[in-house]
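This is what each chain is made of:
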Amino acid sequence: MGRDDVKFTAKLGDREHFPDLEPLVYCNHAAISPPSWPVRRAMQNAIADWGRRGSQAFGTYGAQRARLREKLARLIGASVEEIAFLPNTSSGVTAIALSFPWKRGDRVILFEGEFPANVTPWMRAGELFGVEPVFLPLSDFQESDERGLGRLAEELAKGARLVAVSAVQFRTGLRMPLGEMARLCHAHGAELFVDGIQATGAVPVDVRALGIDYWASGGHKWLMGPEGTGMLYVRKERVEALQPHVAGWLSHEDAVRFLLEGPGHMRYDRPFKKRAEVFEVGCINAIGLVGLEAAVDLVVELGVETIHAHVVRWGDAVEPGLVERGFTSLRAPEANRRSGILAVLPPKDIDVVALQRALLTRGISTAIPDGVLRFSPHWPNHVDEAEQVLLSTEDALAELRGAPRARSEDW
Ligand SMILES: Cc1ncc(COP(=O)(O)O)c(C=O)c1O
């Protein structure tokens, strides 16, 4: 059987489940999380099971997915029929962008500075359906929620069908005021789509309480699952209006009946499912979703609130030391607008590409999205890592200041 009966427990600040993780301080969960030992073990067991049983294993993993669907729904405050498994965030954005009941001349509000996954599909929908994309600057929200919401309200008043935003901004870590955004959208007859990948697992969310209409998230960042897994939440009241522009053989009700019940059941006109699952168009990443469940179990065991407080504390421990060393923090000053991401701009004389490399050689794994230095710890990181991070940063700065700037002659 593929089900792993060993019960693993997660402890905040404990890397026991990452026995061969090379960086001394892994703070790149906003990019890709390393799979923990429980995730690896669950996937290894599952693949061995498929290897032994072949298609006979299919039912086992159907039941596993039903369990996971319930866990993911609970994690974000949704109900089971509102969750679809998709391979990544982009598929969720694309599903809604192409299926939304657009009318020619509609407007969709996007944000300048968003991760491209939450822009490209809307632009494509714009081209295909005659929808006008309108970009608002994120800088207003960076300044204050009040200012950002004021600007959004002005734009919504001109008419828009949908607003697409990330729950947490990938570059700055800014946590967006989703509840207020949803209220504004609905007051103006628009809907709210949220790219939740930088939040799911490490920032508390309750999609129903917040009034969010759609939530897409990959599994390989803050959920700590494998790449190629993800989910889409579609608020059940929204399903009816969606056009099945993204559909496949499994989008139909009773889609597999013809494979199980003998002749006479194969039809092409069965109705489409009236739930999020309509977007599960074909066979999916069964093994990956086994890994995702093992990852989600650890997150659920610790609790998203607890994880969030932990990663914010890690940021609190590192941020002042970076500022002292000449970095400019992009973190919001207010606690309720912070996430697991601590992003800083390096001192002016420092090349961020070279700095990231210098940090990695010292065992500190970071990312440099669009030129910021981004730290993204998760539950296995210990707050005491702050000292190591700051000493390594100081050392890296000293090396870079004594060496020619990286890349200057590379291109
Ligand atoms: C805000 C945001 N959306 C989406 C993605 C990734 O999208 P996908 O899951 O489709 O690869 C990332 C990072 O890779 C991201 O930071």
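Refer to the structure above for everything that follows.
Residues numbered from 1 in each chain as written. Predicted model: local features only at pLDDT ≥ 70, side-chain atom pairs only at ≥ 80, totals over all residues. Heavy atoms only, no water.

Caption draft 1: Up close: unusual backbone geometry. Although it is not a glycine, M224 sits at a positive phi angle of roughly 65°. Topologically, M224 is positioned in the loop between β7 (214-218) and β8 (230-234). Look at M224 and you get buried, because its relative accessible area is 4%. The backbone of D370 sits at a positive phi, close to 50°, despite the residue not being glycine. Relative to the elements of secondary structure, D370 occurs in the loop between β11 (364-365) and β12 (373-375). (Helix = DSSP H or I, 4+ residues; strand = E, 2+ residues; numbered from the N terminus. Buried < 20%, exposed > 50% of the residue type's maximum accessible area, 1.4 Å probe, protein only.)

Caption draft 2: Region of the structure containing the packing of aromatic side chains. If you walk through the whole model with that rule in mind, you get ten aromatic pairs. Note on W249 and F258: the rings are 6.4 Å apart at their centroids and 75° apart in plane angle, and the pair reads as edge-to-face. An aromatic cluster is present here, built from F100, W102, W122, F193 and Y214 joined pairwise through their rings. (Phe/Tyr/Trp six-rings, centres within 6.5 Å; stacked < 30°, edge-to-face > 60°.)

Caption draft 3: Seen up close, a nonpolar patch on the surface. Among the surface-exposed residues, W249, V256, F258, L259, L260, M266 and Y268 lie close enough to one another that they form a single nonpolar patch of about 770 Å² accessible area. One can find W249 in the loop between α9 (236-239) and α10 (257-260). (Patch = residues over 30% accessible without salt bridge, like charges linked within 9 Å, V, L, I, M, F, W, Y side chains within 5 Å. Areas by Shrake-Rupley, 256 points an atom, 1.4 Å probe, with all protein chains shown as cover. Salt bridge = Lys/Arg side-chain N within 4 Å of Asp/Glu carboxyl O.)

Caption draft 4: Local environment of the site of the ligand. Lining the immediate environment of the ligand, one finds N88, T89, S90, F115, A117, S166, F170, D195, I197, Q198, H220 and K221. Contact distances for the ligand include 2.8 Å between an oxygen atom and a side-chain N or O atom of T89. Between an oxygen atom of the ligand and a side-chain N or O atom of Q198, the distance comes to 2.9 Å. Of the residues that constitute the shell around the ligand, the class distribution is four nonpolar, six polar and two charged. (Near = heavy atom within 4 Å. Polar contact = N/O pair within 3.5 Å; in protein donor to acceptor, adjacent residues only side chain to side chain. Nonpolar A, V, L, I, M, F, W, Y, C, P; charged D, E, K, R; others polar.)

Caption draft 5: Structural detail: the side chain of S365. By secondary structure assignment, the location of S365 is in strand β11. Taking relative accessible area as the criterion, S365 reaches 6% and is therefore assigned buried. With residues up to four places along the chain from it excluded, the contact list for S365 reads P23, V25, Y26, C27, N28 and L360. (Contact = heavy atoms within 4.5 Å.)

Caption draft 6: View of the packing of helix α1 (residues 37-53) against helix α2 (residues 58-76). At a minimum axis separation of 10 Å, α1 and α2 run at an interaxial angle of 150°. For the element pair α1 / α2, the angle class is roughly antiparallel. The segment α1 lies against α2, with A46, D49, W50 and R53 engaging F58, T60 and Y61. Among the residues making up the contact of α1 with α2, the classes are represented as four nonpolar, one polar and two charged. (Axes fitted to C-alpha atoms, helices over the stretch in contact; angles between N-to-C directions. Parallel < 35°, antiparallel > 145°, perpendicular 65-115°, else oblique.)

Caption draft 7: Layout of the environment of R69. Take R69: it is sitting in helix α2. Through-space distance from the C-alpha of R69 to that of L355 is 41 Å; in sequence the pair is 286 residues apart. The contacts of R69, once residues within four sequence positions are left out, are V80, I83, A84, F85, E277 and E280. A polar contact of 2.8 Å, which involves the side chain of R69, links it to the side chain of E280.

Caption draft 8: Summary view of the sheet that holds β8. Read from one edge of the open sheet, seven strands run β2-β8-β7-β6-β5-β3-β4, paired in mixed fashion. The two strands at the open ends of the sheet, each matched to only one other strand, are β2 (83-85) and β4 (132-137). Ignoring which end each strand starts from, the neighbouring axes of this sheet average 20° apart. Relative to β4, strand β3 (residues 107-112) runs parallel, the two being bridged by six bridges. Residue V108 lies in a different strand from β4, and its bridge partner there is P133. Sitting on the sheet, helix α3 (residues 89-99) touches β6 (191-195), β7 and β8, and the angle it makes with β7 is about 155°. Along the sheet face, helix α7 (residues 178-187) touches β3, β5 (162-166), β6 and β7 and points at about 150° away from the line of β6. (Pairing = 2+ DSSP bridges.)

Caption draft 9: Expanded view of α3. Of all eleven residues in α3, eight are buried, a share of seventy percent or more. Residues T89, G92, V93, A95, I96, A97, L98 and S99 constitute the buried set of α3. The elements touched by buried residues of α3 are α4 (120-129), β6, β7 and β8. At the N-terminal boundary of α3, the capping side chain belongs to N88, with an oxygen 3.4 Å from the backbone nitrogen of S90.

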